[in-house]
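Letter by letter, the chains look like this.
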Amino acid sequence: MKLFVYHTPELTPADKAPDCAIAVDVLRATSTMATVLAAGGEAIQVFSDLEKLMHVSESWLPEKRLRAGERGGGKVPGFELGNSPLDCTPELVQGRRLFISTTNGTRALQRIQDAATVITAAFINRAAVVRYLIEKQPETVWIVGSGWEGSFSLEDTACAGAIAQHVVQETNLPLEELAGNDEVISAIALYSQWQDNLLGLFHACSHGQRLLRLDCHEDLKYCSQTDILDVLPMQREPGVL
Ligand code: 3SL
């Protein structure tokens, strides 16, 4: 297995696809996705375009669907949900399909959707992702941070480091054998620095501060927990997990 970390979707090689691609948007899209599937959601369908989301979801019965739209951290008017994982209770999501569009997370997923296997990761489901990698041993693995509108997001790269560090521990392989690019080594260093204070990292990083200005402190707390959900969101068909 060779791991590659890309800080943003735009940095992934355009002419290649890995055996396994992992989208990371810790704050908050991939934390929300793990939460929805762990709470019994039927599936998650992702869109970059809000109008297309509305159009496709129209063909689903209202009681079988939920529409989530986020832009700039806030809920898009007319949508039932924004992008808070705390809204995704079992009572609300069980048996329903989540149609979702977010600023960066859904864009990252679309960028990697041609990989043989596509999964999503956040701190809350890290162990499930690592277990999958250890069991399946894909030859090439991309861990792709969603970033913010094309620029680096500290929390996504820290989560990439959390995954990579765990894989190194579980396989006992030397880091230089597993690391396909230098970003893997820097992601592990970043995670090691903050692993005992992920909430502190979220308070320090720019998107965490944006969410704090929107009164999302509880979301930050929730997303800073590690390995609390044993769920592996995996693409079933392009755009559907
Ligand atoms: O950019 C995204 O995809 C979102 O996760 C951003 S937010 O956390 O909902 O603001």
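Residues numbered from 1 in each chain as written. Predicted model: local features only at pLDDT ≥ 70, side-chain atom pairs only at ≥ 80, totals over all residues. Heavy atoms only, no water.

Visitor: I'm lost on the overall build of the protein in this one. Help?
Guide: Across its full length, the protein holds 11 helices and eight strands. In terms of C-alpha radius of gyration, the protein reaches 17 Å, essentially the compact-globule figure of 18 Å for 241 residues. Projecting the C-alpha coordinates of the protein onto the three principal axes gives extents of approximately 50 × 35 × 30 Å. Sorting the 241 residues of the protein into buried and exposed places 56% on the buried side. (Helix = DSSP H or I, 4+ residues; strand = E, 2+ residues; numbered from the N terminus. Rg over C-alpha atoms; globule rule 2.2 N^0.38 Å. Buried < 20%, exposed > 50% of the residue type's maximum accessible area, 1.4 Å probe, protein only.)

Visitor: I would appreciate a short explanation of the side chain of Gln-235 in the present structure.
Guide: Among the secondary structure elements, Gln-235 is positioned in the segment after helix H11 (217-223). For Gln-235, the side chain forms a polar contact with the main-chain nitrogen of Gly-239, separated by 3.3 Å. Not counting chain neighbours up to four residues away, the residues in contact with Gln-235 comprise Gln-113, Val-118, Val-240 and Leu-241. (Polar contact = N/O pair within 3.5 Å; in protein donor to acceptor, adjacent residues only side chain to side chain. Contact = heavy atoms within 4.5 Å.)

Visitor: Quick question: what am I supposed to make of the environment of Ile-124 here?
Guide: As for its position among the elements, Ile-124 is in the loop between strand E7 (117-121) and helix H5 (126-136). A residue is classified by how much of its surface remains accessible, and Ile-124, at 0% relative accessible area, is buried. A sequence separation of 60 residues divides Ile-124 from Val-184, and the C-alpha atoms of the two residues are 20 Å apart. Excluding residues within four positions of it along the chain, Ile-124 makes contact with Ser-31, Ala-34, Thr-35, Tyr-222, Cys-223, Gln-225, Asp-227, Ile-228 and Leu-229.

Visitor: Explain the state of the cysteines here, please?
Guide: Here, the word disulfide means a covalent bond between the sulfur atoms of two cysteines. Taken as a whole and judged by the stated rule, the model has zero disulfides. Among the cysteines around Cys-159, which has no disulfide bond, Cys-223 carries the closest sulfur, lying 10 Å off. Summary of cysteine pairing: Cys-216 is not part of a disulfide, and the nearest cysteine sulfur, belonging to Cys-223, is at 9.6 Å. (Disulfide = S-S within 2.5 Å.)

Visitor: How should I be thinking about the site of the ligand in this particular structure?
Guide: Around the ligand sit 14 residues, and of these Arg-28, Asn-83, Thr-102, Asn-104 and Gly-105 come closest. Thr-102 has a polar side-chain atom sitting 2.5 Å from an oxygen atom of the ligand. In the model, an oxygen atom of the ligand is placed 2.6 Å from a nitrogen or oxygen of the Gly-105 main chain. Against a free-state accessible area of 290 Å², the protein chains account for coverage of 100% of the ligand. For the shell around the ligand, the per-class residue count stands at four nonpolar, seven polar and three charged. (Near = heavy atom within 4 Å. Areas by Shrake-Rupley, 256 points an atom, 1.4 Å probe, with all protein chains shown as cover. Nonpolar A, V, L, I, M, F, W, Y, C, P; charged D, E, K, R; others polar.)

Visitor: Quick question: what am I supposed to make of the packing of helix H6 (residues 154-171) against helix H8 (residues 182-194) here?
Guide: When two helices pack together, you describe them by how their axes are tilted relative to each other and by the distance separating the axes. Where H6 contacts H8, the two axes come as close as 7 Å, and the packing angle between them is 100 degrees. Overall, the two elements H6 and H8 adopt an arrangement that is roughly perpendicular. Note on element contacts: H8 touches H6 through Val-184, Ala-187, Ile-188, Leu-190, Tyr-191 and Ser-192, opposite Leu-154, Thr-157, Ala-158, Ala-160, Gly-161, Ala-162, Ala-164, Gln-165 and Val-168. Here the residues of the contact of H6 with H8 are counted per class, giving 11 nonpolar, four polar and no charged. (Axes fitted to C-alpha atoms, helices over the stretch in contact; angles between N-to-C directions. Parallel < 35°, antiparallel > 145°, perpendicular 65-115°, else oblique.)

Visitor: Can you walk me through the packing of aromatic side chains in this structure?
Guide: The geometry of an aromatic ring pair is captured by the separation of the ring centres together with the interplanar angle, meaning the angle of the planes. Taken as a whole, this structure holds five aromatic pairs when the rule is applied. Between Phe-123 and Phe-202 the ring centres are 6.2 Å apart and the planes differ by 45 degrees, which places this aromatic pair in the tilted class. Remark: Phe-202 occurs in helix H9 (residues 198-204) and Phe-123 occurs in the loop between E7 and H5; sequence separation between them is 79 residues. With a relative accessible area of 0%, Phe-123 lands in the buried category. Of note, Arg-210 hangs over the ring of Trp-148, and the distance from its end group to the ring centre comes to 3.9 Å. (Phe/Tyr/Trp six-rings, centres within 6.5 Å; stacked < 30°, edge-to-face > 60°. Lys NZ or Arg CZ within 6 Å of the ring centre and 35° of its normal.)

Visitor: Help me understand the confidence of the model for the protein, please; the structure alone is not making it clear to me.
Guide: For residues with low pLDDT, the predicted coordinates do not support detailed interpretation. Of all residues in the protein, 100% have pLDDT values of 70 or greater, and the mean over the chain is 96. For this predicted complex, the interface score ipTM comes out at 0.96, while the overall pTM is 0.96. (pLDDT = per-residue confidence, 0-100.)

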